[in-house]
Amino acid sequence: MLSTLLAMVVGIPIGLVAGFYRRWLDPIVMRLVDVTLAFPFLVFAVGLAAIIGPSLKGVVLALGFSQLPAIIRITRGEVLAVREMDYVAAAIADGAGDGHIIFRYVLPNCASPLIVQATVAIPAAIIGESTLSFLGLGVQPPTPSWGVMLTTAQQYLSDAPWLAIWPGLMIALATLGFNLLGDGLRDVLDPRSHR
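Residues numbered from 1 in each chain as written. Predicted model: local features only at pLDDT ≥ 70, side-chain atom pairs only at ≥ 80, totals over all residues. Heavy atoms only, no water.

Caption draft 1: A look at the overall build of the protein chain. A count of helices and strands for the protein chain gives 8 helices and 0 strands. With respect to the principal axes defined by its C-alpha atoms, the protein chain has extents near 70 × 40 × 25 Å. Going through the 195 residues of the protein chain one by one, you find that 36% of them count as buried. For the protein chain, the share of sequence-separated contacts (at least 6 apart) that also reach a separation of at least 24 residues comes to 69%. Entry remark: accessible area of the protein chain is about 11000 Å², with carbon and sulfur atoms responsible for 70%. Side chains of the protein chain carry 11 positive and 12 negative charges; the gap between the two charge centres is 6 Å. (Helix = DSSP H or I, 4+ residues; strand = E, 2+ residues; numbered from the N terminus. Buried < 20%, exposed > 50% of the residue type's maximum accessible area, 1.4 Å probe, protein only. Contact = heavy atoms within 4.5 Å. Areas by Shrake-Rupley, 256 points an atom, 1.4 Å probe, with all protein chains shown as cover. Lys, Arg positive; Asp, Glu negative; His and termini not counted. Charge placed at Lys NZ, Arg CZ, Asp CG, Glu CD.)

Caption draft 2: Quick peek at the packing of helix 6 (residues 98-135) against helix 8 (residues 162-189). Where helix 6 meets helix 8, the closest approach of the two axes is 8 Å, and the angle between their N-to-C directions is 175 degrees. Accordingly, the angle class assigned to the pair helix 6 and helix 8 is roughly antiparallel. Of helix 8, the residues touching helix 6 (which contributes Ser 112, Ile 115, Val 116, Thr 119, Ile 122, Pro 123, Ile 126, Ile 127 and Ser 130) are Ile 171, Ala 174, Thr 175, Phe 178, Asn 179, Leu 181, Gly 182, Leu 185, Arg 186 and Leu 189. Of the residues belonging to the contact of helix 6 with helix 8, the class tally is 12 nonpolar, 6 polar and 1 charged. (Axes fitted to C-alpha atoms, helices over the stretch in contact; angles between N-to-C directions. Parallel < 35°, antiparallel > 145°, perpendicular 65-115°, else oblique. Nonpolar A, V, L, I, M, F, W, Y, C, P; charged D, E, K, R; others polar.)

Caption draft 3: Geometry of the layout of surface pockets. Here the second largest pocket defines a volume of roughly 330 Å³. Met 1, Leu 63, Ala 125, Ile 126 and Glu 129 are, among the 17 residues lining the second largest pocket, the residues nearest its centre. For the lining of the second largest pocket, the secondary-structure elements that each account for two or more residues are helix 1 (2-20), helix 4 (56-83), helix 6 and helix 7 (146-153). Broken down by element, the residue count for the lining of the second largest pocket peaks at 5 residues, all from helix 6. Residue composition of the lining of the second largest pocket, by class: 13 nonpolar, 3 polar and 1 charged. (1 Å grid on protein atoms, 1.4 Å probe; cavity = no way out; pocket = protein on both sides within 12 Å on 5 of 7 lines; lining within 4 Å. Points joined across faces, edges and corners; volume = space filled by probe spheres on them.)

Caption draft 4: Region of interest: the packing of helix 4 against helix 6. Helix 6 packs onto helix 4 with a crossing angle of 155 degrees between their chain directions and a minimal axis gap of 9 Å. Between helix 4 and helix 6, the angle falls in the class roughly antiparallel. Helix-helix and strand crossings are classified by hand; for helix 4 and helix 6 the assignment is right-handed. (Left-handed = near helix turned anticlockwise from the far one by under 90°.)

Caption draft 5: Molecular detail of the packing of aromatic side chains. Applying the stated criterion to the full structure yields 3 aromatic pairs. Considering the side-chain rings of Phe 39 and Phe 44, the 6.3 Å spacing of their centres and the 15 degrees angle between planes classify their relative orientation as stacked. Relative to Tyr 105, the ring of Tyr 87 lies with its centre 6.3 Å away and its plane at 40 degrees, an arrangement referred to as tilted. With Tyr 87 in helix 5 (residues 86-93) and Tyr 105 in helix 6, the pair connects residues that are 18 residues apart, well separated along the chain. Overall, the relative accessible area of 35% leaves Tyr 87 in the partly exposed class. Above the face of the Phe 20 ring, Arg 83 is positioned so that its terminal group lies 4.7 Å from the ring centre. The ring of Tyr 105 is capped by Arg 104, whose NZ or CZ atom sits 5.5 Å from the centre of that ring. (Phe/Tyr/Trp six-rings, centres within 6.5 Å; stacked < 30°, edge-to-face > 60°. Lys NZ or Arg CZ within 6 Å of the ring centre and 35° of its normal.)

See the structure below:
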């Protein structure tokens with residue numbers, strides 16, 4: 001959750017500014033995002049974790065910065081759509097400042113897709129943390145982690161397979177739970193689904 005929060009706190013303002021001020025900042029930000037999106041999420045996270053070093057802080061930073069490009073892209077896309085709405089044009093014609101328009105009109109109307117994206121990003125972070133810990137790049141023993149539990153269970157697979165089954169099952173249930181939460185939030189927060 002901390003890595004997703006980090007990605008949201010850093011990515012939303014960058015996406016807001018890139019989408020609202022399209023002329024010079026948007027092409028620069030989006031080319032950087034495109035370059036980072038060329039790397040798969042876990043490969044990018046493993047590379048960052050290897051650079052930062054194995055620790056809880058390193059895992060949060062690596063996963064947060066790996067999720068950042070997707071958050072920036074989604075925020076920018078929503079801002080571009082909301083910026084063309086009539087109420088934003090009316091606020092501009094009324095003489096409202098950029099800050100007022102962004103925080104009063106644009107950001108609140110971009111909130112529901114971003115909330116749904118956060119609930120979808122959390123399962124990716126859970127799997128990413130487990131992968132990094134399994135590879136020895138994440139949380140280190142004796143700190144509890146499902147990835148560390150799976151690493152430890154490898155040597156006991158023939159004698160005690162449940163040592164690997166339970167952490168794997170918990171990873172699957174946690175990711176499924178957050179994905180179902182994201183689907184439910186999307187249905188609740190999507191105004192087109194209400195009649």
